[in-house]
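# Survey of secondary and tertiary structure
Single-letter residue listing:
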Amino acid sequence: MHRRRFLGLAAGAGIAVAYPRRPLVVAANGDFPTVQAAIDAVPPGGTIVVRPGVYRGQVIVPAAKSGVRLIGLGRRPADVVIADDRANGTEKPDGSGTWGTTGSASVTIDGPGFAVSNLTFANLFDEAAHPEIPSRQAVAVLTRADRVSFRRVRFLGNQDTLYVNSSAAAVIARSYFRDCYVEGDVDFIFGRGTAVFDRCRIHSLDRASTPAGYVTAPSTDLSNPHGFLFTRCAFTTDAPPGSVFLGRPWHPGNDPNAVGQTVIRESAIGAHIGPVAWSDFGDWPWEDARFFEYRNYGPGALITPDRPQLTPDQARSYVPAAFLGDWTP
């Protein structure tokens, strides 16, 4: 019944009007007890609302589910948590091997135009409880679709928290993050997708190692002029001063065309970032990547020969509108 389209008469006009479908409700006493069940049922362009609670289990949004909205009904993003707990090296239940980084994702989004607000995505894999698993990449969200937006959303994890990707190296897939919170330690924002982080908090956890971590690991294809843009964000930390790098260039499969781009502008940077803000990735030097800063501030916003800065003229090309193109989220 909740999926019908009801017809009514416009007052005094005698004209049949199609009223929109009401949102599908996820809750113990709602339309569906799990988020995945609601995703399976929602039509393209539909809306799912999630009542406060913790919802465990992997969620997959297929490409056919375009234009879907997912909204948390709590007062805060922390009131609704969608989570799973598998890692790259976690064995599959059927004994066919491990999940791998992509398969570890708590939530995978392939539906274009997917829009999320006011909730939390988490990968709850406990590294300390599983010393037998060396491959600890544990993704909270993997997005491969175009025009995916997140507002007031939290992304929780450790290594590889947020995988901003695309369906193929030459395919442009854009994401927009506004007033979001992302935490992790190693490469916790990574991939070849195009992403704008607007007024977000990017929090580096302390992993009691040297270095303590890396914020980004972009693998932007050389044909794509737009990788990761952070504007008016805050880079905060639990880690010691000078122990974290802003990023390193990821070349999946040693692909020479994966020339990653991270641009950070007009953002507050904590003391966890030192005079050398970027790191090599294996044999791939950071100097060959597309790493830039512009007018950042705070104790970690140092200007040194090892921290390339945009000129004012160059900075005009590194703005959200340029990265998002014909899409206004």
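These lines cover the structure that appears in this document, whether it is placed above or below. Everything numeric here is computed off the predicted structure, so don't read it as measured data.

Attention shifts here to the overall build of the protein. Each helix and strand in the protein was counted, giving four helices and 25 strands. Considered along the principal axes of its C-alpha atoms, the protein spans approximately 70 × 50 × 35 Å. Burial analysis of the protein (329 residues in total) assigns 52% to the buried set. A separation of at least 24 residues holds for 69% of the contacts in the protein among residues at least 6 apart in sequence. Of the roughly 14200 Å² of accessible surface on the protein, a fraction of 53% belongs to carbon and sulfur atoms. Seen as two clouds, the 32 positive and the 31 negative side-chain charges of the protein have centres 12 Å apart.

The subject of this paragraph is the side chain of Thr 90. Inspection of the secondary structure assignment puts Thr 90 in the loop between strand 8 (80-84) and helix 2 (100-103). On the accessibility criterion, Thr 90 (18% relative accessible area) is buried. A distance of 2.8 Å separates the side chain of Thr 90 from the backbone nitrogen of Ala 87, its partner in a polar contact. Residues within four places of Thr 90 in sequence aside, it is in contact with Gly 97, Thr 98, Trp 99, Phe 125 and Ile 133.

To continue, consider the packing of aromatic side chains. Applying the stated criterion across every chain yields a total of 16 aromatic pairs. Consider the rings of Phe 121 and Phe 155, whose centres lie 6.0 Å apart with planes at 40 degrees: the pair is tilted. Here Phe 155 lies in strand 12 (residues 148-156) and Phe 121 lies in strand 10 (residues 115-123), a separation of 34 residues in the sequence. Comparing Phe 121 with Phe 155 shows no difference in burial state: the two are buried. A ring pair is formed by Phe 292 and Tyr 318, whose centres lie 6.1 Å apart and whose planes are at 50 degrees; its orientation type is tilted. Here Phe 292 is found in strand 25 (residues 290-294), whereas its partner Tyr 318 is found in the loop between helix 3 (312-315) and helix 4 (320-324), with 26 residues between them in sequence. Three or more aromatic residues joined by ring pairs make a cluster, and in this case those are Phe 121, Phe 150, Phe 155, Phe 177, Phe 197, Phe 228, Phe 230 and Phe 235. Above the ring of Trp 99, the side-chain terminus of Arg 86 is found at 4.1 Å from the ring centroid. Between the NZ or CZ atom of Arg 248 and the centre of the ring of Tyr 214, over which it lies, the distance is 3.9 Å.

Rules behind the numbers
- Residues numbered from 1 in each chain as written.
- Predicted model: local features only at pLDDT ≥ 70, side-chain atom pairs only at ≥ 80, totals over all residues.
- Heavy atoms only, no water.
- Helix = DSSP H or I, 4+ residues; strand = E, 2+ residues; numbered from the N terminus.
- Buried < 20%, exposed > 50% of the residue type's maximum accessible area, 1.4 Å probe, protein only.
- Contact = heavy atoms within 4.5 Å.
- Areas by Shrake-Rupley, 256 points an atom, 1.4 Å probe, with all protein chains shown as cover.
- Lys, Arg positive; Asp, Glu negative; His and termini not counted.
- Charge placed at Lys NZ, Arg CZ, Asp CG, Glu CD.
- Polar contact = N/O pair within 3.5 Å; in protein donor to acceptor, adjacent residues only side chain to side chain.
- Phe/Tyr/Trp six-rings, centres within 6.5 Å; stacked < 30°, edge-to-face > 60°.
- Lys NZ or Arg CZ within 6 Å of the ring centre and 35° of its normal.

Nothing here speaks to function; it is all geometry.
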